[in-house]
Amino acid sequence: MSENASPTPVAPARPPSGFPLAHARYRNYVLFALTSVFMFVGGVGLLLGVRALGQGPEAWAQYLDALGHPAVLALSLAVFGFSVYFTLRWMWIGRKIMVGRVGPVPGPPIPMAGLGLGGIALCFATGIGVLLLLGGVL
Amino acid sequence: MKLIHRLEPLLWMIFGAGGYQLALLLPGLVLGVGLLGGLGFLPLEYERLHALASSAVGKPFLAGFLIGLFWHCCHHLRHLILDLGGERAAAPGAYFSYALAIVATAATVQVLVVL
Amino acid sequence: METQTRKFEILRYRPEEQSEPEFRSYEVPCMPDWVVLDALNAIKDDIDPTLSHRWSCRMGVCGSCGMLVNGRPVLTCAAFVRDYEGTIRVEPLSNFPIVRDLVVELDDFVHKIQSVKPWIVRKLEKDVEQGEYRQSPAQLEEFKQFSMCINCALCYAACPVLASEPDFVGPAAIALGHRYNLDSRDEGNAERYDAMHGHNGVWSCSYANECSQVCPKHVDPAMAVNQAKLTGALQWTGILPKKSMT
Amino acid sequence: MEVIEHDILLVGGGGAGLRAAIAACEASPDVSVGMVSKLYPMRSHTVSAEGGAAGVARDDDSLELHIQDTLKGSDYLADQDVVEVFVDAAHKELTQLEHWGCPWSREPDGRVSVRFFGGMSVKRTWYATDKTGFHMLHTLFQTSLKYDRIVRYDEYFATRLLVRDGVCRGVAAFDLRTGEVKCFLGRAVILATGGGGRIFPFTTNAAVKTGDGMSLAYRAGVALKDMEFVQYHPTGLPGTGILITEASRGEGGHLKNKHGERFLVEYDYGVGDRAELGPRDMISRAEILEFEAGRGLRGPYGDYVHLDLRHLGEQKIDQRIPFVRELARNYVGIDPVWEPIPVRPVVHYMMGGVDTDVDGATPGVEGLYAAGEVACVSINGANRLGSNSLPECLVFGKRSGEAAVAYASQGASEGPREALVGQAQAEEARLDALRHKVGGEKIAQIRRELNSAMEQGCGVFREEDSMAACVDSVRQLKGRYADIGIGDSSRIFNTEIVQALELGNLLDVAEAVAVGALARRESRGAHTRRDYPERNDADYLRHSLVRFAADGPRLDYRDVTITRWQPQERKY
């Protein structure tokens, strides 16, 4: 805060009204931060899968069984939901970073919405690609 | 904390790169493995996936993806802790988050070495 | 035109008489085309002369009259009474210590603005007799948006990071530093690096995007901060020189 | 009492004040500048200027033409030697601002763009879209931040100049934050507090423009010059008085009456397509005449005409005058791309002000300078041309900053310290008493009555009787002002005290305007009398000077400086 003490008594700064849950705009933000928790869990799940691959076919079969457990399925659903939300918000607000100057001469302006929607479409396409790869089509 | 402050640009770049990886790949992976695989709609054959994962391309790819994922999530977690916990949570939150990322990285390396 | 009486709840704080801020209600006859600031002035003039608030241009460009109206940071000269239903709650800007009533302490904010060295830095200054620097419309366009900041500090009131890290340089200051870094006439990139990319600089931002949501001039400070992260990171790695200059 | 010392003291931190501060720092490597301003510098009213700043920039233009336009615009009441100095420096100052980072709009080849403005014979107005004043002010403020030697005292209200034996050596000001009165001492004081448009009810001027510096100088013994000339801008939004920039006409907008006719064509202020590019005084009068002829449109705030921009198209509007669109949308709910904007004349600028020479020095009080709208130097005469005021702030801000440093370093004494501090202490006692003052009159009530008296007496068209009544009213209000009561006795950020002091300043300024207007029995520039419709060079090619005296203002005249350009009939 100020280097000098206040010359008159002040009331302390109040936090942004309604943070973190009273307004949709803040809820979205907290929700976005929460994606990190769920995606971390998803990452652990995938890591366990890779470990099972390393331990042999039986471990892999057990892993698949575990995935089928209703509680795990529910968790997977939550992770999936959060990761989709993450993807949409990441690409949408991330578009603004990408038009920054990387080099001294400005390029032609890229339409913002196009950049964001294009990014989301790209993610969608890769998602399908991943599914095809996992399913053995590719 | 001084070290962390010095490394902020690096941490942010890993966070950013991890974020793009996640946005591109994670929904597909979770849908494919966790949901469709868990429900048995997608044939996740051991032989093929093992070959894929342990190949010369697969291993480094998995290493990059998983480590990026963990560091991304932990960096974001640090900010979440700070936002909800206030200034007092700044240092403990950062230590906790990056410690978690280091542990997860170690686990990933171990798993991939065995693979 | 007929007036309509509206109820206002205003956060009052008079440090000589009160230990803590508290709300006080006022019934104000409002004209249909009034903004919240008009109602505050009506209170000051005719109901309670002890109410203190800042205002000046009344056309959304001097940046004095930022307050929270129903919890959202706005310029009260541009917030129409008719757009709110029921009781209207007016508070001083959040994230700033309250000096009195709706007046907040801005010294720290001004120091932050100054800290990013928001002026043209050049090794060699051109003489006025030699005329202007050439700058193409595209080069102007690159930083123009970020030069539109009126220093109203609404973005500081909205920023969740500032609530937990009061020393964060903040959206407006970083946007301003970024504006000069992007200016083709400037060579001060390296001198701004510490303020913008140091301990309390861009890295504290967790991209809530709130600053851009409330900015009355559509400056998009979140864009500036996050573009500055990218440039800062690339400079840190050495991929981009710190003294990037056209 | 705390005594604060600097070499140069500035009162006011807008365009002129900041320019003076920077000039002072550049003129001497060790000068220290104290800047006392009642608001943060970036809040100053310079911020509201929209259209642009005039400076010769193109090959089809010349200094001679800019001088001629300015003189003609002024109805030949400007001092010609000063106008020459001004025009010669204006474009250099605008270039200087470019070097400091001002985002001037550009041509494809990278040079700055210029546009048409009213009363200018060629394109001469530099602009940064239509937020020119905003960009200039922020550029100046940000540039000033690089000087540690400029020490700002933000939100300090100056209440008295400390003058002893005709020499000004300081100012008493109180810190709004603490209520504490402080004694500022310096070897020169520069006033840059802007005008006093708030004497009128319907004005583009910000709330802070209460003539503070004019009153300070007036009470210190300096004359107020040409105060009767008050500029009405022809395009203000009814109700709020928000300015719609002249650039909207410069870019090709049309003014239309209720029949949809471009009525200006009838008034012969220009020819054909350029009818809207007449000077502000003439167009404002034309609008009033339209109202009187029943050809205005009727609204809740009286008559108005239409400013039609629709034919410019969305692209040009967004590119050249986006702020016009923003203001019209936000404040009257009208999108100028599709609908015409309601406008009417609105008080905009005071040509008059503190009497100064070409360096900003005030005759009569040594060590005191003034620049910007607070001053009358005079380049604006009876009517300022649009886009001359921003360069005026720069040119004369710089000159007064440099002159003050030269004066201060040429052995100007520090002044009798005890006597000066004593004056500041007396000021402290006065303000303490004011804070606890009991009385039957209300600030807001007196201000409203003052506003209405000025509107009735000193509007676009003026007459003997209504002006005499106005002078009387202002005098009576001054009497009642002595009996105001203050409801807020606290020290911390007491804005009621500020309003009370501002009202005192408004009354001083209003009286000078009314007295000057009543005595000038001719029509010249913005001063238009129905009873004396002609210009009278034989008697009134002179500056009026109003001086303070305890029993009422004293009026005096001084000849205009004519060098090479003989007064002619003003025809466009």
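Residues numbered from 1 in each chain as written. Chains lettered and ligands numbered in written order. Predicted model: local features only at pLDDT ≥ 70, side-chain atom pairs only at ≥ 80, totals over all residues. Heavy atoms only, no water.

*Asks:* Even after reading the chapter, I still don't get the overall build of chain C, so can you show me in this structure?
*Replies:* What chain C contains, in helices and strands, is nine helices and seven strands. The dimensions of chain C, computed from C-alpha atoms along their principal axes, are 60 × 40 × 30 Å. The buried share of chain C, taken over its 246 residues, is 70%. Within chain C, counting contacts between residues at least 6 apart in sequence, those at least 24 apart form 62% of the total. When the accessible surface of chain C is totalled, it reaches about 8,200 Å², and 47% of it is carbon and sulfur. Side-chain charges in chain C split into 26 positive and 34 negative, and the spacing between the mean points of these groups amounts to 4 Å. (Helix = DSSP H or I, 4+ residues; strand = E, 2+ residues; numbered from the N terminus. Buried < 20%, exposed > 50% of the residue type's maximum accessible area, 1.4 Å probe, protein only. Contact = heavy atoms within 4.5 Å. Areas by Shrake-Rupley, 256 points an atom, 1.4 Å probe, with all protein chains shown as cover. Lys, Arg positive; Asp, Glu negative; His and termini not counted. Charge placed at Lys NZ, Arg CZ, Asp CG, Glu CD.)

*Asks:* When you look at the overall build of chain A in this model, what are you seeing that I'm missing?
*Replies:* In terms of helices and strands, chain A carries four helices and zero strands. Each helix and strand of chain A, ordered N terminal to C terminal, gives the series α-α-α-α. Within chain A, the proportion of its 138 residues that are buried is 38%. Of all intrachain contacts in chain A linking residues separated by at least 6 positions in sequence, the fraction that spans at least 24 positions is 47%.

*Asks:* Is there a simple way to explain the arrangement of the chains in this structure?
*Replies:* Inter-chain contacts occur across five pairs of chains; the most extensive set of contacts lies between chains C and D. The two units chain B and chain D never meet; even their closest C-alpha atoms stay 28 Å apart.

*Asks:* Is there a simple way to think about the interface of chain A and chain B in this case?
*Replies:* How big an interface is tends to be stated in terms of the accessible area lost upon association of its parts. With 52 residues of chain A in contact, the opposing surface of chain B contributes 52 residues. At the surface where chain A touches chain B, the tally comes to zero salt bridges. Along the contact surface separating chain A from chain B lie six residue pairs in polar contact (both at pLDDT 80 or more). No other element matches the 19 residues that helix 1 (residues 24–55) of chain A contributes to the side of chain A that touches chain B. (Salt bridge = Lys/Arg side-chain N within 4 Å of Asp/Glu carboxyl O. Polar contact = N/O pair within 3.5 Å; in protein donor to acceptor, adjacent residues only side chain to side chain.)

*Asks:* Where do I start with the interface of chain C and chain D in this structure?
*Replies:* On the chain D side, the residues contacting the 66 residues of chain C number 67 residues. Across the interface of chain C and chain D, roughly 5,600 Å² is buried in total on both sides, 52% from carbon and sulfur atoms. Sorting the residues of chain C by area buried against chain D places Met59, Val128 and Glu132 of chain C first, and these three jointly supply 12% of that buried surface. Counting across the chain C and chain D interface gives ten salt bridges. With a closest N to O distance of 3.0 Å, Arg448 of chain D and Asp46 of chain C form a salt bridge. Our count for the chain C to chain D interface comes out at 36 residue pairs in polar contact (both at pLDDT 80 or more). Of all elements in the fold, only helix 1 (36–47), strand 6 (98–100), helix 2 (107–115), helix 3 (137–144) and helix 6 (171–182) of chain C reach the threshold of two or more residues within the side of chain C that touches chain D. (Buried area = accessible area lost by both parts, 1.4 Å probe.)

*Asks:* For this particular structure, what's the right way to read the domain arrangement of chain C?
*Replies:* Residue and element names in this part refer to chain C. Domain boundaries assigned for chain C yield domain 1 (4–104) and domain 2 (107–237). Taken together, the contact between domain 1 and domain 2 spans 14 residues of the former and 16 residues of the latter. A buried area of about 1,000 Å², summed over both sides, lies between domain 1 and domain 2, and 63% of it is on carbon and sulfur atoms. For domain 1, the biggest contributors to the area lost against domain 2 are Pro73, Asn95 and Phe96; these three give 44% of the whole. In this assembly, domain 1 and domain 2 are joined by zero salt bridges. For the side of domain 1 that touches domain 2, the class distribution of residues is eight nonpolar, five polar and one charged. (Domains from an automatic or database assignment. Nonpolar A, V, L, I, M, F, W, Y, C, P; charged D, E, K, R; others polar.)

*Asks:* What is the right way to read the environment of Ala90 of chain D from this model?
*Replies:* Residue and element names in this part refer to chain D. Its location among the elements puts Ala90 in helix 3 (residues 80–99). Judged by its relative accessible area of 0%, Ala90 is buried. Counting along the chain gives 302 residues from Ala90 to Glu392, while the straight-line C-alpha distance between them is 7.4 Å. In contact with Ala90, not counting residues within four places along its chain, are Ala54, Gly55, Pro391 and Val395.

*Asks:* Could you clarify how one ought to interpret a nonpolar patch on the surface in this entry?
*Replies:* All names here are of chain A. Together, Leu31, Leu34, Val37, Val41 and Leu75 make up a nonpolar patch on the protein surface, roughly 320 Å² of accessible area in all. Ranked by residue count, the leading element in the nonpolar patch is helix 1, at four residues. With respect to the helices and strands, the residue Val41 is situated in helix 1. Here Val41 falls in the partly exposed class, since its relative accessible area comes to 33%. (Patch = residues over 30% accessible without salt bridge, like charges linked within 9 Å, V, L, I, M, F, W, Y side chains within 5 Å.)

*Asks:* Looking at this structure, I do not really get the sheet that holds strand 5 (residues 114–115) of chain D. What am I missing?
*Replies:* Across a sheet, strands are paired by hydrogen bonds formed along the backbone, either parallel or antiparallel in direction. Residue and element names in this part refer to chain D. With respect to topology, three strands assemble into an open sheet ordered 4-6-5, the strand pairing being antiparallel. Two strands in the sheet have a free side with no partner beyond their single neighbour: strand 4 (53–54) and strand 5. With two bridges joining them, strand 5 and strand 6 (residues 125–126) adopt antiparallel strand pairing. Bridging from a neighbouring strand, Val114 pairs with Trp126 of strand 6. (Pairing = 2+ DSSP bridges.)

*Asks:* I tried to follow helix 3 of chain D on my own but got confused; where do I start?
*Replies:* For the α-helix, the turn length of 3.6 residues means that residues three or four positions removed from each other point alike. Compared with the 28 Å implied by 1.5 Å per residue over 20 residues, the 29 Å span of helix 3 of chain D between its first and last C-alpha is a close match. The sharpest bend along helix 3 of chain D comes to roughly 30°, located at Ala90 of chain D. (Expected span 1.5 Å × (residues − 1). Bend = angle between axes of the 7 residues up to and from the residue.)

*Asks:* Which parts of the structure should I look at to understand the side chain of Gln235 of chain C?
*Replies:* By the secondary structure assignment, Gln235 of chain C is in helix 9 (residues 221–237). Other than its neighbours up to four places away in sequence, Gln235 of chain C contacts Asn189, Tyr193, His197, Leu240, Pro241 and Lys242 of chain C.

*Asks:* Hey, could you run me through the packing of aromatic side chains in this one?
*Replies:* The geometry of an aromatic ring pair comes down to the distance between the two centres and the angle between the two planes. Going through the model one piece at a time under the given rule, you end up with 25 aromatic pairs over all chains. For the ring pair Phe86 of chain A and Trp90 of chain A, a centre distance of 5.3 Å and an interplane angle of 25° mean the geometry is stacked. One end of the pair is Phe86 of chain A and the other is Trp90 of chain A, both in helix 3 (residues 70–98) and four residues apart, which spans about a single turn. Residue Trp90 of chain A is classed as buried on the basis of its relative accessible area, which comes to 10%. Both rings, one in Phe61 of chain B and one in Phe65 of chain B, keep their centres 6.2 Å apart while their planes meet at 10°; by these two values the pair is stacked. You can see Phe61 of chain B and its partner Phe65 of chain B sitting in helix 4 (residues 58–85), four residues apart, about one turn around the helix. Judged by its relative accessible area of 44%, Phe61 of chain B is partly exposed. We classify Phe65 of chain B as buried; its relative accessible area is 2%. Each residue in the set Phe32, Phe86 and Trp90 of chain A together with Phe15 and Tyr20 of chain B is aromatic and connected to the rest through ring pairs, giving one cluster. Taking the ring centre of Phe23 of chain C as reference, the NZ or CZ of Arg89 of chain C above it sits at 3.9 Å. (Phe/Tyr/Trp six-rings, centres within 6.5 Å; stacked < 30°, edge-to-face > 60°. Lys NZ or Arg CZ within 6 Å of the ring centre and 35° of its normal.)

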